[in-house]
Amino acid sequence: MKWLDYLALTLVIIGAINWGLIGFFQFDLVAFLFGSLSLISRIIYAVVGIAGLYMISMYGRIGHQE
């Protein structure tokens, strides 16, 4: 399941970069690339959100890493 951790972390980083662009420059990269709330952009937002929720489980696993 380590691959899932890396995938989720990558998606969360992409989401964080997008939010940083929105906050600093009012530029939504996902909307720019795929259209404002198009089906594909909504899927991207949803997958990044699910990855963020999955990363919450890292709190419970941080102390148990070998």
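Below is a summary of the structure that appears in this document. Owing to the predicted nature of the structure, the values given are computational and were not obtained by experimental measurement.

A look at the packing of aromatic side chains
Under the defined criterion, the tally for this structure stands at two aromatic pairs. With a centroid separation of 6.3 Å and an interplanar angle of 55°, the aromatic rings of Phe-24 and Phe-25 are classed as tilted. Just as Phe-24 is exposed, Phe-25 falls in that class too. Their ring planes at 50° and their centres at 5.2 Å tell us that Phe-27 and Phe-32 sit as a pair that is tilted.

Quick notes on a nonpolar patch on the surface
On the surface, Phe-24, Phe-25, Phe-27, Leu-29, Phe-32, Leu-33, Phe-34 and Ile-40 cluster together into a nonpolar patch covering about 880 Å² of accessible area. Counting residues per element, the nonpolar patch draws most heavily on helix α2 (residues 29–34), at four residues. Tracing the backbone through its elements, the reader meets Phe-34 in helix α2. Overall, the relative accessible area of 38% leaves Phe-34 in the partly exposed class.

Comments concerning the side chain of Asp-5
By secondary structure assignment, the location of Asp-5 is in helix α1 (residues 2–25). Residue contacts for Asp-5: discarding those within four places in its chain leaves Tyr-54, Met-55, Met-58 and Arg-61.

What to know about unusual backbone geometry
Glycine aside, residues mostly have negative phi angles, and peptide bonds mostly take the trans form. Look at Gln-26: it is not a glycine, yet its phi comes out positive at around 55°. Owing to a relative accessible area of 75%, Gln-26 belongs among the exposed residues under this scheme. Of note in the backbone geometry, Leu-37 takes a positive phi value of approximately 55° without being a glycine. Structurally, the position occupied by Leu-37 is in the loop between α2 and α3 (39–55).

Cut-offs used in this document
- Residues numbered from 1 in each chain as written.
- Predicted model: local features only at pLDDT ≥ 70, side-chain atom pairs only at ≥ 80, totals over all residues.
- Heavy atoms only, no water.
- Phe/Tyr/Trp six-rings, centres within 6.5 Å; stacked < 30°, edge-to-face > 60°.
- Buried < 20%, exposed > 50% of the residue type's maximum accessible area, 1.4 Å probe, protein only.
- Patch = residues over 30% accessible without salt bridge, like charges linked within 9 Å, V, L, I, M, F, W, Y side chains within 5 Å.
- Areas by Shrake-Rupley, 256 points an atom, 1.4 Å probe, with all protein chains shown as cover.
- Salt bridge = Lys/Arg side-chain N within 4 Å of Asp/Glu carboxyl O.
- Helix = DSSP H or I, 4+ residues; strand = E, 2+ residues; numbered from the N terminus.
- Contact = heavy atoms within 4.5 Å.

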